[in-house]
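Chain by chain, the residues:
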Amino acid sequence: QVQLVESGGGLVQYGGSLRLSCTASGRTDFISTMGWYRQVPGKQRELVARITGGGIANYADSAKGRFTISRDIARNTVYLQMNNLNTEDTAVYYCNAAWTTGVQRIYSDAWGQGTQVTVSS
């Protein structure tokens with residue numbers, strides 16, 4: 001199993017910055033992609049950004065140009081640098097790790113407990 005622990009959320013003013021961190025433990029050898037998702041009450045969880053083990057990243061349109069995802073393979077940690085935050089970025093941010101196993105490449109993933117990001121106007 002894989003366990004994920006997030007940190008770095010909090011309250012920030014409009015236009016400010018935050019950096020989220022997520023460290024994986026357990027069976028980390030299998031992890032291929034790590035990413036960040038966010039959710040607000042009443043809405044579905046949505047992708048913010050994700051990154052492969054090879055460093056290929058993709059972003060939601062809302063994150064492009066403002067957020068940067070990075071990954072330290074040796075530390076099993078993924079980061080999300082968020083700049084120029086606005087009130088629409090207020091959400092609970094969840095870390096995700098995904099992997100496949102076996103010749104059938106069975107997909108599995110794990111989620112962190114979530115960290116609250118609140119942007120004040």
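Everything discussed here concerns the structure shown above.
Calculation rules
- Residues numbered from 1 in each chain as written.
- Predicted model: local features only at pLDDT ≥ 70, side-chain atom pairs only at ≥ 80, totals over all residues.
- Heavy atoms only, no water.
- Pairing = 2+ DSSP bridges.
- Helix = DSSP H or I, 4+ residues; strand = E, 2+ residues; numbered from the N terminus.
- Axes fitted to C-alpha atoms, helices over the stretch in contact; angles between N-to-C directions.
- Disulfide = S-S within 2.5 Å.
- Buried < 20%, exposed > 50% of the residue type's maximum accessible area, 1.4 Å probe, protein only.
- Salt bridge = Lys/Arg side-chain N within 4 Å of Asp/Glu carboxyl O.

### With respect to the sheet that holds strand β3 (residues 18-26)
The strands making up a sheet associate through hydrogen bonds between their backbones, and the pairing can be parallel or antiparallel.
Item 1. Read across the sheet, four strands follow the order β1-β3-β8-β7 without closing on themselves; strand pairing throughout is antiparallel. Here the strands that pair on one side only, and so sit at the sheet edges, are β1 (2-7) and β7 (67-72). Across this sheet, the average inter-strand angle for adjacent strands is 15 degrees, counted without regard to direction.
Item 2. Pairing between β3 and strand β8 (residues 77-82): six bridges, direction antiparallel. Paired with C22 across the strands is V78, a residue of β8.

### A word on unusual backbone geometry
Backbone phi values are negative for most residues with the exception of glycine, while trans is the configuration of most peptide bonds.
Item 1. For N76, which is not a glycine, the phi torsion comes out positive at approximately 50 degrees.
Item 2. By secondary structure assignment, the location of N76 is in the loop between β7 and β8.
Item 3. Of note, R105 is a non-glycine position whose phi angle comes to about 50 degrees, a positive value.
Item 4. Topologically, R105 is positioned in the loop between β9 (91-101) and β10 (106-111).

### Quick look at the state of the cysteines
Item 1. One pass over the structure, following the stated rule, counts one disulfide.
Item 2. Linked covalently through their sulfurs, C22 and C95 form a disulfide whose S-S length is 2.1 Å. Measuring the twist about the S-S bond at about -85 degrees, one finds the C22-C95 disulfide to be left-handed. Placement of the pair is C22 in strand β3 and C95 in strand β9, with a sequence separation of 73 residues. There is no split in this pair, since C22 and C95 are both buried.

### Examining the pattern of salt bridges
Item 1. This model, assessed by the stated rule, comprises five salt bridges.
Item 2. Between E46 and R38 there is a salt bridge, with the nearest N and O atoms lying 2.8 Å from each other.
Item 3. By relative accessible area, which is 7% here, R38 ends up buried.

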